[in-house]
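# Understanding the architecture of this molecule
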Amino acid sequence: MTSIISSGLEKVQHTMSSATEGAKIADLKKDTIDVHDPNNRITTDFGVKSSNTDDWLKASSGDKTGPMLLEDFVGREKIHRFDHERIPERVVHARGAAAFGTFKLYESAEDVTTAGVLTDTSRSTPVFLRFSTVLGSRGSADTVRDVRGFAVKFYTDEGNWDIVGNNIPVFFIQDAIKFPDIIHAGKPEPHNEVPQAQTAHNNFWDFQFLHTETTHMFMWTQSDRAIPRSYRMMQGFGVNTFTLTNKKGERHFVKFHFTPTLGVHSLVWDEALKIAGQDPDFHRKDLWDAIEAGAYPKWRFGIQTIPESKEHDFDFDILDATKVWPEELVPIRYIGELELNRNPDEYFTQTEQVAFCTSHVVPGIGFSDDPLLQGRNFSYFDTQITRLGVNWEELPINRPVCPYMNHQRDGAMRHRISKGTVNYWPNRFGVGPPATKEEGGYLEYPEKIAGLKQRLRSKKFSDHYSQAQLFYNSLAPHEKAHVLSALSFELDHCDDPVVYTRLTERLADIDLELAQGVAEAVGAPVPQKAGTPNHNKKSPSLSQTYYNPKEPTIATRRVAILVADGFDPVAYYGVKAALTAAGALPFTIGPRRLPVHAQGEDKSGKGVSPDHHFEGMRSTLFDSIFIPGGAHVEKLRKNGRALHWVREAFGHLKAIGATGEAVALVRDACQLPGVQFSSSNEVVDSYGVVTAAATHPQSFKETIKMVKGAKDFI
Ligand code: HDE
């Protein structure tokens with residue numbers, strides 16, 4: 001993959017830790033060939049060396065070509081393989097990016113489960129994690145407003161365990177039978193296949209209004225959670241309620257959590273929209289580049305558990321996937337850490353062919369009666385057959401690292417050879433028996449079931465607004481402002497008045513002010529009173545500001561340093577070195593990629609070769625910009641594109657650093673009366689703009705500090 005951050009990473013050593021060479025990588029090696037091996041020669045699929053793969057075999061006379069011959073098995077094979085190289089994309093979550101990694105447990109959860117992966121602290125369990133957007137096709141953009149998939153395959157010693165999660169802790173619907181409806185409503189409309197990868201259309205919002213149960217989730221999707229800055233900076237949630245069973249046979253309900261050590265950060269909407277066009281691969285490159293640079297993304301892994309006896313102690317039903325378990329009521333117990341530390345070798349055979357199933361559980365972990373989960377357990381297994389064929393579990397990325405066998409042998413594309421004369425159990429040899437409990441056989445929890453066969457949902461499932469209010473109440477003021485803008489954007493794209501009017505009425509069940517703001521923006525009658533009174537309760541951990549690391553870090557953040565001929569070399573080299581030392585990724589952006597010269601440097605000098613030129617990149621692709629002082633500032637002032645860099649970065653709430661003459665440039669470019677600028681040696685930090693009239697080390701330090709996430713300043 002071509003890296004957009006190419007030379008910005010040159011200083012960061014590529015370190016592929018030996019820890020990454022775990023059991024799964026070793027397993028995959030059996031099926032891996034190295035295309036770069038100099039001894040390779042092209043062969044046909046049946047192994048015969050091909051002497052020419054550029055000219056079809058033809059009937060010819062002298063140098064005059066005649067018709068092509070069907071006899072050409074090389075030509076036919078090449079075209080035939082090409083004709084069939086696409087498989088159906090995933091019906092949802094089609095666009096994704098993945099990486100290998102390791103899961104380490106630092107605290108045994110043996111009080112609640114017997115699962116080895118959650119009790120044995122000496123283990124290092126290989127994982128493969130696929131991130132995705134939900135609604136877009138495989139070729140859609142990364143930064144669209146959408147939920148992100150967070151699907152983890154743990155290759156445990158007892159078999160594969162999949163947590164097929166999202167970056168939002170709840171879901172739209174409560175019962176799996178509604179899944180085709182919600183997805184049809186969200187995907188492009190059926191008559192013209194528009195819009196791509198967007199929920200901003202009539203059908204989606206029509207569905208939301210008609211299903212009050214979606215209210216909580218759609219509030220999350222209108223928040224900053226749906227436009228993450230990076231896959232590395234989002235949470236992962238198992239969403240559904242699973243169960244854990246311990247040695248004594250006691251059962252707990254459980255929810256799974258992954259919390260990123262870098263904190264939870266988002267783009268702003270205008271930035272997300274622009275990046276979708278400027279760099280549709282923004283998130284997948286970000287993940288790839290970070291791993292190549294050795295900046296391995298990490299998540300703390302936590303569990304929320306509720307003993308079976310307390311199942312009914314809550315206002316909400318703990319099996320309802322449209323509800324969170326507020327952390328004030330059920331604290332998260334962090335017991336492990338997941339690190340991604342190796343990029344895939346090949347997209348198709350790994351990221352595309354990986355197949356997750358909620359029904360992949362290992363002994364000690366089980367399901368609950370969550371009606372969304374129960375339906376998912378059917379769907380994932382089923383969909384893989386359309387996508388990959390019946391023997392999909394045999395594909396290298398999907399097969400377990402522990403021994404596996406059974407008597408299901410045949411089916412299309414079966415390639416494993418099972419030796420032996422029997423393919424059934426029991427058999428006269430007594431071979432291939434099921435495992436006993438002592439041997440690790442999976443035992444279902446003997447749940448007591450009694451009741452009537454009916455199509456219904458339990459009573460508590462009918463409260464659809466309390467947690468939507470809880471979520472909205474818990475947001476910081478700037479997060480609330482973003483929800484209002486997001487809803488206004490989405491409903492602006494709905495041209496059916498029924499859709500936007502009814503939806504704004506629904507918002508009055510959450511927050512009257514929000515409903516009024518949106519109604520005004522989208523041209524709907526402005527609601528005058530709240531539909532459902534707001535309970536005014538909050539849960540701090542629902543705001544993403546809750547996850548800001550205690551010590552803000554600039555590590556892996558992309559900083560653009562703008563230069564033209566005549567830049568101040570002390571400020572330039574000083575800040576660049578400081579940024580690199582802090583783990584940030586500095587990029588020099590200039591008027592051209594040919595060398596740019598520092599103030600006082602002769603034109604014949606070596607100069608600095610910018611990584612990109614002003615036209616070649618956009619401010620949207622960086623977290624922060626820095627402009628050193630020097631005579632170059634006069635040139636930057638006359639460069640419309642350079643000024644746009646500064647203005648746009650400010651508009652997107654990014655940290656901006658400037659020293660010396662560049663301070664006045666920033667002041668003039670932003671034309672903002674409320675922002676203070678330094679006129680002395682003193683460092684001034686105002687609304688994320690850090691300026692120091694003179695170049696001194698403190699200004700470098702402050703610049704670095706500022707990149708902690710400009711969203712804090714709105
Ligand atoms: Fe999925 N979902 N889903 N989903 N889902 C799929 O399985 C489905 C749901 C999630 O990277 C499909 O292999 C139903 C919740 C992720 O390969 C399909 C229901 C959550 C991925 C499917 C849900 C998810 C999928 C399509 C309602 C968060 C991508 C391709 C009951 C906890 C996995 C595939 C990857 C993919 C069905 C709801 C997450 C059709 C029926 C809730 C991350 O089987």
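Just so it is clear, the model here is predicted, and its values are computed rather than measured. (Residues numbered from 1 in each chain as written. Predicted model: local features only at pLDDT ≥ 70, side-chain atom pairs only at ≥ 80, totals over all residues.)

## Let's talk about helix α14 (residues 569–581)
When the terminal C-alpha atoms of α14 are compared, their 18 Å separation across 13 residues agrees well with the 18 Å that a helix rising 1.5 Å per residue should span. Among the residues of α14, those classed as buried are A571, Y572, V575, K576 and L579. Looking down the long axis of α14, one finds its buried residues gathered within 120 degrees of arc, a one-sided arrangement. Of the residues trailing α14, G583 is marked for its positive phi of about 85 degrees. (Helix = DSSP H or I, 4+ residues; strand = E, 2+ residues; numbered from the N terminus. Expected span 1.5 Å × (residues − 1). Buried ≥ 20, exposed ≤ 12 C-beta atoms within 10 Å, placed from the backbone. Arc of directions from axis to C-beta.)

## Re the nonpolar core
With 155 residues, the main nonpolar core has L129, V559, I561, L562, I625, V646 and V666 as its most contacted residues. Among the domains, domain 1 (96–182 + 224–301 + 329–394) and domain 2 (558–713) are the pair contributing at least three residues each to this core. Excluding residues within four positions of it along the chain, V646 makes contact with I625, I656, V666, A669 and C670. (Core = buried A, V, L, I, M, F, W, Y, C linked by C-beta atoms within 7 Å. Domains from an automatic or database assignment. Contact = placed C-beta atoms within 7 Å.)

## Examining the site of the ligand
Taken together, 26 residues lie around the ligand, and H93, G149, A176, V239 and S379 are the ones closest in. For the shell around the ligand, the element with the highest residue contribution is helix α9 (residues 371–388), accounting for six residues. Taken together, the residues of the shell around the ligand break down into 13 nonpolar, ten polar and three charged. (Near = placed C-beta within 6 Å. Nonpolar A, V, L, I, M, F, W, Y, C, P; charged D, E, K, R; others polar.)

## With respect to the environment of S604
Following the sequence through the fold, S604 ends up in the loop between β14 (585–590) and β15 (612–613). Considering only alpha carbons, one finds S604 and D281, 323 residues apart in sequence, at a separation of 38 Å.

## Things to note about the UniProt feature "active site" (unreviewed entry) in the protein
The positions that UniProt labels "active site" (unreviewed entry) are, in the present scheme, H93 and N166. Annotated residues spanning 74 residues; largest pairwise C-alpha distance 10.4 Å, indicating a single compact cluster. Structurally, H93 can be placed in the loop between α2 (73–83) and β3 (96–105). C-beta crowding within 10 Å serves as the criterion here: with 22 such atoms nearby, H93 is assigned to the buried category. In this structure H93 touches S132, V134 and G149, once residues within four positions along its chain are discounted. Mapped onto the elements, N166 comes out in strand β6 (residues 159–166). Its 24 C-beta neighbours within 10 Å are what place N166 among the buried residues. (UniProt positions renumbered as here; feature names shortened; annotations may be inferred.)

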